[in-house]
Amino acid sequence: MKSSLFLVILAMLGLCHCVFIDLNKTPTNGTKSSVITRNITITGLIPLTLPVIDANNSNSRALAHLSYLSAKAMQDINNDPRLLNGTHLTINAVNSQLLSPVLLGQALRQRTAGSVAFVGGLFELDGSPLSVISNVLQVASVATLSSDSALSDKSKFPMFVRFRPASEQQSNAIFDLFDFFYSRTRQLQWRQIGVVSTATPYGITLSNAFLNTAETRNFYITSYQQFLGVTSDNTNLAVRDITQQVTQLKESKARVFVSLMQTSDMQFLIENAIQYGMFAPDYVWLCADACATNILHLNFSFIPDKAVIVKEYFNAIPGFLGVASSAGYGTPSFTALVDAYQKQFNSTQRLGVYPAPLYDAYYAVAIALDSILKENPNAVINPLELAQAIRNVTFRGITGPIEFTEDGDRFPIYNIVNVWRGSQCPECLGADYGDVFIPVGTWTANDGLQMDHPVRFFDGTTRIPDLNLHQSFDYFDCTDGKKKTDETGKTVNLDKPSWGAKQIDADYYCDEYLDCDDMSDEPYDCVPSFKVLFIIYGIITGLLILFTIFVFVPFTLIFGFIIPRKRVRASSPLFLLIIIISGVFGIGSTYAWYGKPHSVACGFQPWLLGLAIVSMNSALIAKTFRIWRVFRSPFKVKVISNVELMVLWIILVAPVILILFLWTLVSTPTAKLEEHEGLEHLVCAGGGFTDSNAAGYAWFFILVGYQGLVMLLGIVLTFAIRNV
């Protein structure tokens, strides 16, 4: 009673369109004995709500496939000389989309009428009710497209078998593929995944498994988004606004996205995500098996008036990756099945991969029945024995090698597929033109990932894209003297504005600091322009120095020593030369401030200027001191020699030399990077033992203080001789 109630509850949850599986070879057809001694019935649970009107119509094509495959499988099995000799197999179709109480009643009637197995479960949610039906009605059941991991429990569902591996297996195949690219690029973006799924049984089941597997395998999910999947009657059309979901995916900064949804839902996602530039060379998309189909680029939506044109789909999907069950278009058996289908419906459309497992599922039951009846042609079919026989089946069907695990799950074999076909793709592995996803590798639980062909990415090349992208930025190239942009955000390594810097931040341009060695970051068009200032003042300073050297110095030497003149001699020619030379050094010291700060220039700045000032002042004080001494006692004749005045000059200059020496020794002025106005700049700062600007300022004020005392002495002496 509890099991029956559970069945009703599960069946009322609703049904959801789901998944595709593909090809390979089927058992060879032939003719067998017409003597029938036994009839066996199995029940096919397939959706029959919509009428099969036209196989060329996208909305009814899938149902046409299902009906066709059920009839074709029954025909081929009954004509196969290797199977069920003397036994005729009948497949009774029951509409799996009936309301749950009606469906349960139909299943009970089928079981009472002698049906030995139920085959179907073409939607993800069908697996659970079908597994319970097998327990309640004591009948073997085979689900084709259910992947819920909870059903991989033989102790709970001993008579349940399914044609799909558990969801974890597909997740492992996807992560192994991403690890394949990570091992070759070492870019963490291959392990930082954005995930989007539909809120359907398929999307929920697979996403739960995917997220759990990601955690155990140390993959990081940057964003997981979900939206409503399309319904066959379009009842949820008004609420399918996924702007927020797409925005979240975009803002997650992921470069690799995994889509867990049906083909029609993926097309809807493409319509929205393409507006955000998410289908581009620096993005990688992977479809799970339900959307890695060869109709992804076609107008196969359940909402034809909302579907974008084929060209837009086609332009969005180049480079798509996919994980699909074994696909083998082109094998003789599948080709024959396709040809028969197209002839049956007078259709140009290929037989889709969607319902292909149904054909193999019927065959699996037939082979299992054959194995039982070969041992005992009159055997009563025991459901537990039949379920175990199905698990033991091994053959090559149109969906590839058929083998089951001990728990009744199909042994996982996935093809790694890739959209090789773009607007032109003459080298697409010789695949049929209708094929969009091309097999490039395989994955099995035992052997893991095997890549047979290079993957073609969005840009049409097999070069693995650089996903480690950063935001583009502007920079200044000191070599070329130009502002430039690094579009990748990582090609250019910005230098700090120390000596030898080649590329610096664009904010250094015209910021009134010299950051390039050649001053190219402060060109003539900057206001103020350092180059213009340095040129103008440099020329003026140079002319003054030259004029002083070639006019004042010769004048003093000639008229002070060679051809003495009274007035020049009275002005003390020696001290005039000291004053002139001090002036030359003082004016010339400004050159130490020109250009980008350098430690040598920083060290010379206080020496050149400090000595020049004190030397000139001391020479003037010495001359003034002589006048003061001479006229202090006007009635006494006094002679004050130049040697005495030189001693006074040395006494006045010596403290400055000592101060500068100690300053250089203890707090050496040096060029250092310091932050000013939000940017680091090379400036002259305190270094040495103290390595402190505060210590540098202390020495500076000591020097200025002493210079002030010297000047004060000069003022006092000048005041004293004011009346002379």
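Below: a short report on this structure. (Residues numbered from 1 in each chain as written. Predicted model: local features only at pLDDT ≥ 70, side-chain atom pairs only at ≥ 80, totals over all residues. Heavy atoms only, no water.)

1. Observations regarding the overall build of the protein
- When helices and strands are counted, the protein shows 18 helices and 20 strands.
- Looking at the protein alone, contacts between residues at least 24 apart form 69% of all its contacts between residues at least 6 apart.
- Only carbon and sulfur atoms are counted for the fraction: they give 60% of the accessible area of the protein, which is about 33,400 Å². (Helix = DSSP H or I, 4+ residues; strand = E, 2+ residues; numbered from the N terminus. Contact = heavy atoms within 4.5 Å. Areas by Shrake-Rupley, 256 points an atom, 1.4 Å probe, with all protein chains shown as cover.)

2. A closer look at the nonpolar core
- Formed by 47 residues in total, the largest nonpolar core has its most connected members in Leu 369, Leu 386 and Ile 390.
- For this core, the elements supplying multiple residues, two or more each, are β1 (38-46), α2 (58-79), β2 (87-95), β3 (117-120), β4 (140-143), α10 (332-345), α11 (356-375) and α12 (383-391).
- Element by element, the count of residues in this core is highest for α11, at 14 residues.
- Filtering out sequence-adjacent residues up to four positions away, Leu 386 remains in contact with Val 116, Ala 117, Ala 140, Ala 368, Leu 369, Ile 372 and Ile 381. (Core = buried A, V, L, I, M, F, W, Y, C linked by side-chain atoms within 4.5 Å. Buried < 20%, exposed > 50% of the residue type's maximum accessible area, 1.4 Å probe, protein only.)

3. Considerations on the packing of aromatic side chains
- A full pass over the atoms with the stated rule returns 24 aromatic pairs.
- Residues Phe 175 and Phe 219 carry aromatic rings whose centres are separated by 4.5 Å and whose planes lie at 35° to one another, so their mutual orientation is tilted. Pair noted here: Phe 175 is in helix α5 (residues 167-185) and Phe 219 is in the loop between α6 (201-216) and β7 (220-227), with a separation of 44 residues, a long-range link. Comparing Phe 175 with Phe 219, the two get one shared label, buried.
- Taking 5.5 Å as the distance between ring centres and 35° as the angle between the ring planes, the aromatic pair formed by Phe 476 and Tyr 509 counts as tilted. (Phe/Tyr/Trp six-rings, centres within 6.5 Å; stacked < 30°, edge-to-face > 60°.)

4. Quick look at helix α4 (residues 127-136)
- Within α4, eight of the 10 residues are buried, which leaves the element mostly enclosed by the surrounding structure.
- For α4, the complete set of buried residues consists of Gly 127, Ser 128, Pro 129, Leu 130, Ser 131, Val 132, Ile 133 and Ser 134.
- Just downstream of α4 lies Gln 138, where phi reads positive at about 50°.

5. Comments concerning the state of the cysteines
- Taken as a whole and assessed by the stated rule, the structure comprises four disulfides.
- One disulfide bridge connects Cys 478 with Cys 516, the sulfur atoms lying 1.9 Å from each other. Judged by the sign of its S-S torsion, about -65°, the bond between Cys 478 and Cys 516 is left-handed. With Cys 478 in the loop between β16 (473-477) and β17 (482-486) and Cys 516 in the loop between β18 (503-505) and α13 (530-562), this residue pair connects regions lying 38 residues apart in the sequence.
- Assessed through its relative accessible area of 5%, Cys 478 is described here as buried.
- Assessed through its relative accessible area of 0%, Cys 516 is described here as buried.
- Paired through a disulfide, Cys 602 and Cys 684 show a sulfur-sulfur distance of 1.9 Å. Residues Cys 602 and Cys 684 share a disulfide whose torsion about the S-S bond is about -75°; that sign makes it left-handed. Separated by 82 residues along the polypeptide, Cys 602 in helix α16 (residues 599-632) and Cys 684 in strand β20 (residues 679-686) bring together distant segments of the chain. (Disulfide = S-S within 2.5 Å.)

6. Re helix α18 (residues 693-720)
- For α18, spanning 28 residues, the distance from its first C-alpha to its last is 40 Å, which sits close to the expected 40 Å at 1.5 Å a residue.
- Those residues of α18 lying buried are Ala 695, Gly 696, Trp 699, Leu 703, Tyr 706, Gln 707, Val 710, Gly 714 and Leu 717.
- Where α18 is buried, its residues touch α16 and α17 (642-666).
- Of the residues that open α18, the one with a side-chain oxygen 3.1 Å from the backbone nitrogen of Ala 694 is Ser 692. (Expected span 1.5 Å × (residues − 1). Polar contact = N/O pair within 3.5 Å; in protein donor to acceptor, adjacent residues only side chain to side chain.)

None of the figures reported here should be taken as evidence of function without further support.
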